[in-house]
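Topology and contacts: notes
Spelled out, the chains give:
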Amino acid sequence: MNISVQSKQEVPALSFSVRVKSGVKKNWYKFSRNKLSVVGLIIVLIIVFSAIFAPLIVPYPHHAGKFVDYANAGTAPCAEYWFGTDNFGRDIFSRIIFAFRGALYMAALVLAIAVPIGVFLGLIAGYYQGTFLDTVIMRVTDIFLSVPPLLLALAIAAVLKPNLTNAMIAVTVMWWPWYTRLVYGMATSTRNEYFVKASELIGAGRLHIIFREILPNCLSPIFTKMALDVGWVILIGASLSFVGLGEQPPTPALGQMVSDGTRYMPDLWWMTVFPSLAIAVTILGFNLMGDGIRDMMAKGEYDRE
Amino acid sequence: MKLSSYVIKRLLYSIFVLLGLSIVIFIIARVVPGDPARLALGPRAPQFAVDALREEMHLDKSLPVQYFYWIKGVATGDLGKSLITKRNVVEDIAEFLPATLELVLVSALFVIVFSIFFGALAARYKDTWVDSFIRVMAYTGVAVPSFVLAVIFLLLFGYIWPIIPVLGRLSAGIQPPPTITGLITIDSLLTGQLDVFFDALKHLILPALALAVGPLFQEARIVRSAMTENMGKDYLAAAVGFGMPDHVITGKYLLKPSLIPAVSVMGLDIASLMSNAFLVEVIFNWPGISRYGMEAMLRKDLNAISAVIIVFGLIFVLVNILVDLIVAYLDPRIRLGGRSS
Amino acid sequence: MIVNKNDSILNIKDLHVHYRTYDGFAKVLDGVNLWVGKGEKVGLVGEAGCGKTTTMRTVLRILPENAVVPKGEIFYHGEDILKMKPQKLNKVRTQGISMIFQEPAAALNPVFTIGTQMFDVIRYSDSGKGRSKEEIKELAVKAIGEVYIPDPERILNSYPGQLSGGMKQRICIAMAIVTERELLIADEPGTSLDVTILDQVHRLLRGLVEKKGMSLIMITHSLGVAREMTDRIYVMYAGNIVETAETKELFKNPLHPYTLGLLESVPRLTGGGVAEGIYGRIPDYFSPPKGCRFHPRCRLSEEKCREEKPLLKDVGDGHQVACFKVQGVI
Ligand SMILES: Nc1ncnc2c1ncn2[C@@H]1O[C@H](COP(=O)(O)OP(=O)(O)OP(=O)(O)O)[C@@H](O)[C@H]1O
Ligand SMILES: [Mg+2]
């Protein structure tokens, strides 16, 4: 079956011969109009790049594991150890770069699992709006949204064995409902649009309507939210690992490093301050980039299209 | 729809949500861990003791029956004993909850007052350094999680520049006022102990700020963008055209519609305050229910964990009802549900 | 009633307004000239997007944020509104000029009752200052009665969302006339209403203006409405006034090719066929045509029209046209 119904808004009656900038160029223009978005993109690229090539670029790759060098323990930041060393003499800079790996891995996996589930449920509930299926899905969603997410994630992670995988499971369980709610809202309104009704009339199948007509119209908010959510997942991951419910030592994790550092305050302040900064910069980078993506997807105030 | 029937509907729905939440908690606390009895007694306890506890906890029955017994306990205020304190967890909650409430209330107050203030300021001085400053603060607030902020505060004010107390609710040597509400600030005012009041206030500032800074500037941004958006509306141009004074236009015709989106997301902010309280209370050694819950989680004290989640779920549900009511009050379009002439 | 230009209460001279957008400046108004005499009813006619609302918003200085006024003057009793200090400007707004917005639904604040909004309009107007609550309410009730809405008490307690479109339109009118003003600007009141109600609104408006002896600027798409309502008409095209004359004269002796086109495009109830109308559409404001902005659509255009901009010139009896052909220059 090959049905194509125009799913875009009609051109408004009063239109000018606008010099429309071409796709990529226009998107980049909208993204980069706010210079902070570009800063965010650069931060993200640096973090992702250094996480992938961590063993090649950090000065002391073996410090990211079970390594002790009491002779150099608690060295303040210097040329040799940019961010100083911890109580075991391990290079904090190297450990931070390695910690990015777990953080990014977690964000990627959580979103890769939670988003499809959430989106799928939202689409189904939206398509079968007003039916039993809708009620069940949306009520369950409401229940999951009725507790602060970090709290339930903490509880789930706590009853399981503390490690990265279980932290990811805990966060994933808390994450899908947001997408269900987001998609549900859009799906129910799209569902009643003329182009959907039209393809229904021509006899398009349910799957076609859900995935070819409704889903494409929800994509841009979904991607926008995902871009912003990377930062949030990293934040929750750091919170979990801060209380010891994430990656276990000696593998480094950002939250865990901050928490270890607090025990050596104020003498070894660099043990706390640098991992804290790393968390802040990471979340900042992803948020700035996410904002840029939102600007890119949204229609601008005076943007005539 | 009348406001009262709206409230009743909202309440009934909340009860349903809480029941659903109880199932989730039951699964987390009773099903996921495998053998809660063994967990409660520890690996070295003799098998017969474990079996006895299993029977007492109805773990030998089917899951629905177990849930029934458990929810019956919850409904009658019997949440079981805590492993840590060896007391009934209800007693623990009664002891620890007020401290958390006080902390969350004060930080919520910070969020509300300062977000409107900064938001209006940013809108008024749009595209000036004031606006930029608030934008930078919003990004910082997002980027610096409250536990990191708390740790930084601890480093700064605990060691480097100790001008303000960082740990606990009261300084050593200051007697807490008799418990009336459990909130020390209020109790000390009620009993007229001003020195206690100010001491309690000083102890509140850092943890409350650590919690509030993130949501505060986010909210300010929402207020700001709602205000700048509404500034372009015809009704505002009309009000200006009628020559109404600035303070009426900004403080009335612009502020009220602009508060609606800000208040609507306030529920999420409170959620973030309450979640983050778990880490912040630990850091500031704040003797609240979050610290208690955190300890329970780390020691797998299942009864305490479920009790804490239920309490938080309950508070969160109530907060959301309150938020909805405020939004309905602000926005007649919701309250009246369309035309009714 | 015809007034001499020297007795004008409002006199717009060579007004330019541009909008800043991501695609550059939209050069919308390109030298608008318009005046209104005391007690005069003036029509401003032009197709959608020609800048009528923009002109009127400039008069009250309530343009959107992205608008700039590079050039022009708006004299109100001899003083330039664009240069007025806040206090003077406030006088203009509170006792001089009031405006009825094009979209009544958008012009009313959705989260305040009609009463709240109306009371504030009265309280902060020049003639309403220092009045007691009861007096203010009395005025509001009277104004609502004047626009023929029953049960004013209930209306005052309603929110805009609870009223029909026609009622909202009348409320907007009531707000604009509730306290004394010298000049009323009505921006296409009721375009969103159906024809019968539209007609009522127009008659209501004319009656009120005449009763109160106000001047009126009536903005409309339709020459027919302008003919019914006004003493004199300005025809606007793409940010320029292209022709102005007394209403009778304009219909008897239309001169500008655009005016002619407009008259032809009025659908006739008698006679055959669809009106001929004007081809094409309003130009791109980002790079408007050189010379006369109408030349790409003009059947008579010549070399000079493409090069030079025609100015409004008197062709007798206050009838002014901006067209080289008509002026006999070419
Ligand atoms: N805030 C703005 N930013 C950019 N362009 C604008 C803005 N407001 C109006 N315009 C443009 O200016 C032109 C004139 O608009 P205006 O509202 O004055 O027209 P109008 O004559 O009142 O039209 P209508 O009969 O449709 O009300 C239009 O092309 C419009 O797109
Ligand atoms: Mg208009």
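What counts, and at which threshold
Positions within a chain are numbered from 1, following the residues in the order the chain's sequence is written. To read the labels, note that chains go from A and ligands from 1, taken in the order they are written. With the structure being a predicted model, the display of local features is reserved for residues of pLDDT at least 70 and the display and counting of side-chain atom pairs for 80 or more, all residues being used for whole-chain, interface and lining totals. Think of the side-chain values as coming from all heavy atoms in the structure, minus any hydrogens and water. Strands are runs of DSSP state E lasting at least two residues, helices are runs of H or I lasting at least four, and both sets are numbered from the N terminus onward. To get the radius of gyration, use the C-alpha atoms; to get the globule rule, take the number of residues to the power 0.38 and multiply by 2.2 Å. The buried label goes to any residue with under 20% of its type's maximum accessible area, the exposed label to any with over 50%, and the partly exposed label to all in between, with areas taken from a 1.4 Å probe on protein chains only. In this description, accessible areas are obtained by the Shrake-Rupley approach with a 1.4 Å probe, and a residue is regarded as covered only by the protein chains that are shown. Counted as positive: Lys and Arg. Counted as negative: Asp and Glu, with His and the chain ends omitted from the count. Think of each charge as sitting on NZ of Lys, CZ of Arg, CG of Asp or CD of Glu. Should any heavy atoms of two residues lie within 4.5 Å, those residues are counted as being in contact. The rule for donors is simple: an N, O or S atom within 2.8 Å of the metal counts, and for Na, K and Ca the reach is 3.2 Å. Water is not among the atoms, so a site may look short of donors. A carboxyl oxygen of Asp or Glu within 4 Å of a side-chain nitrogen of Lys or Arg is what we treat as a salt bridge. Near is defined per residue: the residue qualifies when any heavy atom it owns lies within 4 Å of the molecule or strand. Under the rule applied, a polar contact is a pair of N or O atoms within 3.5 Å (in protein, one hydrogen donor and one hydrogen acceptor; residues adjacent in sequence only if both atoms are side-chain atoms).

Topic: the overall build of chain C
In terms of helices and strands, chain C carries 13 helices and 12 strands. Computed over the C-alpha atoms, the radius of gyration of chain C is 20 Å, within 12% of the 20 Å expected from 2.2 N^0.38 for a compact globule of 330 residues. The principal-axis extent of the C-alpha atoms belonging to chain C is close to 65 × 50 × 45 Å. A total of 330 residues make up chain C; the buried ones form 56% of that total. Surface exposure of chain C reaches about 14,200 Å², of which carbon and sulfur atoms provide 52%. Counting 44 positive and 40 negative side-chain charges, chain C places the averaged centre of each group 2 Å from the other.

Thoughts on helix α11 (residues 257–264) of chain C
All buried positions along α11(C) are accounted for by P257(C), Y258(C), T259(C), G261(C) and L262(C). Against the buried residues of α11(C) lie β3 (41–45), α9 (223–229), β9 (232–237), β10 (240–246) and α10 (247–252) of chain C.

Digging into the coordination of the magnesium ion (ligand 2)
Residues and elements named next belong to chain C. Coordination of the magnesium ion (ligand 2) by the protein comes from T53 (OG1) and Q102 (OE1), over a distance range of 1.8 to 2.2 Å. Of this pair, T53 sits in helix α1 (residues 52–60) while Q102 sits in the loop between β6 (97–100) and α3 (104–107), placing them 49 residues apart in sequence. Of the residues examined, T53 reaches a relative accessible area of 21% and is grouped as partly exposed.

Observations concerning the pattern of salt bridges
Scanning the model with the defined rule gives 38 salt bridges over all chains in all. In this structure, D234(B) engages R57(C) in a salt bridge whose closest nitrogen and oxygen atoms are separated by 2.5 Å. Of this pair, D234(B) sits in helix α10 (residues 234–241) while R57(C) sits in helix α1, on two different chains. In this structure D234(B) comes out as buried when scored by relative accessible area, which is 19%. Look at R57(C) and you get buried, because its relative accessible area is 10%. One salt-bridge network, held together by shared partners, links D86(A), R90(A) and R95(A).

What to know about the site of ligand 1
Not every one of the 17 residues close to ligand 1 is listed here, only the nearest: G49(C), K52(C), T53(C), T54(C) and Q102(C). Positioned at a junction of chains, ligand 1 has nearby residues supplied by chains A and C. Interatomic distance of 2.9 Å between a backbone N/O atom of G51(C) and an oxygen atom of ligand 1. The fraction of the free accessible surface of ligand 1 (630 Å²) that becomes covered by protein chains is 76%.

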